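Analysis of the macromolecular model
Listed here are the chains, written in short residue letters.
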Amino acid sequence: MRLQHYATASVGWHVLLVAVANDDDNKVLGYCGATYAPSHRAAQLDSLGVDEAHRRQGIASALLKEVERRLYERQVTQIDVVLRAPHASRLEGKPGADDGRGDGYAEYAAASFLQSFDYQPVQRVEPSSTDADAFELWSKSLNNKK
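Residues numbered from 1 in each chain as written. Predicted model: local features only at pLDDT ≥ 70, side-chain atom pairs only at ≥ 80, totals over all residues. Heavy atoms only, no water.

**Details of the overall build of the chain**
A count of helices and strands for the chain gives 2 helices and 7 strands. Listing every helix and strand of the chain by position from the N terminus yields β-β-β-β-α-β-α-β-β. When burial is assessed residue by residue, the chain has 32% of its 146 residues classed as buried. Within the chain, contacts between residues at least 6 apart in sequence are counted, and of these 48% link residues at least 24 apart. Total accessible area on the chain is roughly 9,000 Å²; 49% of this is exposed by carbon and sulfur atoms. (Helix = DSSP H or I, 4+ residues; strand = E, 2+ residues; numbered from the N terminus. Buried < 20%, exposed > 50% of the residue type's maximum accessible area, 1.4 Å probe, protein only. Contact = heavy atoms within 4.5 Å. Areas by Shrake-Rupley, 256 points an atom, 1.4 Å probe, with all protein chains shown as cover.)

Shown next, in the form of structure tokens:
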């Protein structure tokens, strides 16, 4: 696997990394993108995904580590992520016991993954109606990154 970097300037700045297979097909295995504002030294993790057939091989971790490194090089000191918050009832019992396809599992897995990279929940925003999901803001400080 190799990482290819694509960066574009628009409103703020965007860093996009794509993991590509080391073969003749150059198949895209995953991607990770973040938008940052140099004047605020802050970034928003916009996207992170890995092809289903290539999950659990460290691709998402490699992508996130490299995006964080590149943001740190650009003097970004904080990265924020917004997640849809699973309803508590979805996570009662054993999340993940249903092979990752159960209701609420994706949000649980995303939160667990972010926690493994020292992201912390900062704020929860409750929905204004009963049929909407809550959202959570997660954040990581890059001030102490070495």
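From this point, the narrative continues.
**Focus on unusual backbone geometry**
Positive phi is not limited to glycine here, since R56 has a value of about 65 degrees. Mapping R56 onto the fold places it in the loop between strand 4 (42-50) and helix 1 (59-73). Even without being glycine, Q75 reaches a positive phi, approximately 65 degrees. One can find Q75 in the loop between helix 1 and strand 5 (78-85).

**Examining the pattern of salt bridges**
A complete count under the given rule lists 6 salt bridges for this structure. Its salt-bridge partner being K27, residue D51 comes within 3.6 Å of it at the nearest N-O pair. Pair noted here: D51 is in the loop between strand 4 and helix 1 and K27 is in the loop between strand 2 (12-20) and strand 3 (28-37), with a separation of 24 residues, a long-range link. The salt bridge partner of E66 is R70, with a shortest N-O separation of 2.8 Å. Highlighted residues: E66 and R70, both in helix 1, separated by 4 residues, approximately one helical turn. (Salt bridge = Lys/Arg side-chain N within 4 Å of Asp/Glu carboxyl O.)

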